[in-house]
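# Chains, contacts and geometry: an overview
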Amino acid sequence: MIGVTILTKHKKNSINDTSLQIFHREKAMLELKGVISDYYNQLKGLLYKLSFEYSETPKYKLAYKDTLSNVYVDSRKTTLSPDGLLWLGSILTYRISELPEKIDGVGGLTFGADPISISTATISNLFSQRLYAFSIRKELKNHGLSNWIEGDFQKGDKVIIVDDVVTTGKSTSLAIQRARDSGLKVIKVFVLVDRQEDNGMQNIRNLDVEVEALYTITDLLELRQNESNRSSESHNNQWAISG
């Protein structure tokens, strides 16, 4: 992997050589930039293969909604897979590196955000960004420190909130609010999939924060349509040959 190579080279030199650290980090990011487009496409294909479910009749119950949907994205099958962890962590590491502000950490509401934040923190370390991951609870524990947020953070830290799927935006909005209540400065939100319904993304923007989706439900429906077209073409070709 690109980052491992760069990190190995970096360790052979003095840790105090700031100029050399910057050189290796920038070189690593340039190499990562060269594969990001492939990672985007590969991750989209993996999402469709592992996580996308479609039914002609609505049958899927969604969080915070009373109506059923004919489309469901079981994101954890992708975000917990070896390739998904690598590609998603790399994409977000690169996207965060492009932000004008220095980011300290990345996290979101458990459980959907957890593999996303942990993979990003892990990959970021290979590129000398060293983001920490944090996890925001849905409910407080009745023992221990009873913290809403778990992780090695400090008040005033600049963070990225992540989420797997946005429908209404309620879970992402809750994560933003709890992060702010804990003294964190939310710089931006990244979500894996925008379902493009119920004004979800705008509901997040209404909290005065920028939000970006890596993919939309339209992207996955287009893959389904392309697959259907290829299947029809294959069937027609077989019929023509047999005829």
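Note that this is a predicted model, so its numbers are computed, not measured.

### As for the nonpolar core
- Counting 38 residues, the largest nonpolar core has Ile91, Ile160, Val162, Leu192, Leu214 and Tyr215 as its most contacted members.
- Of all the secondary structure elements, the ones that give two or more residues to this core are helix 2 (18-51), strand 4 (71-73), helix 4 (82-97), helix 5 (114-126), strand 8 (158-166), strand 9 (185-194), strand 10 (210-216) and helix 8 (217-242).
- Among the nonpolar cores identified, the runner-up in size contains 20 residues, and Ile149, Ala175, Leu184 and Met201 belong to it.

### Brief notes about the pattern of salt bridges
- Evaluation of the coordinates by the stated rule reveals 13 salt bridges.
- Across the pair Asp74 and Lys77 runs a salt bridge whose closest N-O atoms are separated by 3.9 Å.
- A salt bridge links Arg76 to Asp164, with the shortest nitrogen-to-oxygen separation between them at 3.7 Å. Taken together, the positions of Arg76 in helix 3 (residues 76-79) and Asp164 in strand 8 put the pair 88 residues apart, joining distant regions of the chain.
- The class for Arg76 is partly exposed, based on a relative accessible area of 30%.
- The class of Asp164 is buried, set by a relative accessible area of 8%.
- Sharing partners across several salt bridges, the network here consists of Arg95, Glu98, Lys188, Glu210 and Glu212.

### With respect to the side chain of Ser51
- Position of Ser51 relative to the elements: it lies in helix 2.
- Side-chain polar atoms of Ser51 contact the side chain of Thr78, separated by 2.6 Å.
- Not counting the four nearest positions on each side in its chain, Ser51 is found in contact with Leu46, Tyr72, Val73, Asp74, Ser75, Lys77 and Thr78.

### Here we look at the environment of Ser146
- Looking at the element boundaries, Ser146 is found in the loop between strand 6 (132-136) and strand 7 (149-150).
- Apart from residues lying up to four places away in sequence, Ser146 is in contact with Leu140 and Lys141.

### Looking at the packing of helix 4 against helix 5
- Interhelical geometry of helix 4 versus helix 5 gives an angle of 70 degrees and a closest axis separation of 8 Å. Here helix 5 runs roughly perpendicular to helix 4, going by the angle between their axes. Helix 5 is crossed by helix 4, and the crossing has right-handed handedness. The residues of helix 5 that touch helix 4, namely those facing Leu85, Leu86, Leu88, Gly89, Ser90, Leu92, Thr93 and Ile96, are Pro115, Ile116, Ser119, Thr120, Ile123 and Ser124.

### With respect to the sheet that holds strand 5 (residues 105-109)
- One open sheet holds the six strands; their spatial order is 7-6-5-8-9-10, and the pairing between them is mixed. Only two strands of the sheet have a single partner each, and these edge strands are strand 7 and strand 10.
- Pairing geometry for strand 5 and strand 8, over three bridges, is parallel. Residue pairing in the sheet places Val106 in a bridge with Ile160 of strand 8.
- Each of strand 5, strand 6 and strand 8 is contacted by helix 5, which is oriented at about 170 degrees to strand 6, the strand it contacts most.
- In the packing of helix 6 (residues 170-181) onto the sheet, the strands contacted are strand 5, strand 6, strand 7, strand 8 and strand 9, and the crossing angle to strand 8 comes to about 160 degrees.

What counts, and where the lines are drawn
Residues numbered from 1 in each chain as written. Predicted model: local features only at pLDDT ≥ 70, side-chain atom pairs only at ≥ 80, totals over all residues. Heavy atoms only, no water. Core = buried A, V, L, I, M, F, W, Y, C linked by side-chain atoms within 4.5 Å. Buried < 20%, exposed > 50% of the residue type's maximum accessible area, 1.4 Å probe, protein only. Helix = DSSP H or I, 4+ residues; strand = E, 2+ residues; numbered from the N terminus. Salt bridge = Lys/Arg side-chain N within 4 Å of Asp/Glu carboxyl O. Polar contact = N/O pair within 3.5 Å; in protein donor to acceptor, adjacent residues only side chain to side chain. Contact = heavy atoms within 4.5 Å. Axes fitted to C-alpha atoms, helices over the stretch in contact; angles between N-to-C directions. Parallel < 35°, antiparallel > 145°, perpendicular 65-115°, else oblique. Left-handed = near helix turned anticlockwise from the far one by under 90°. Pairing = 2+ DSSP bridges.

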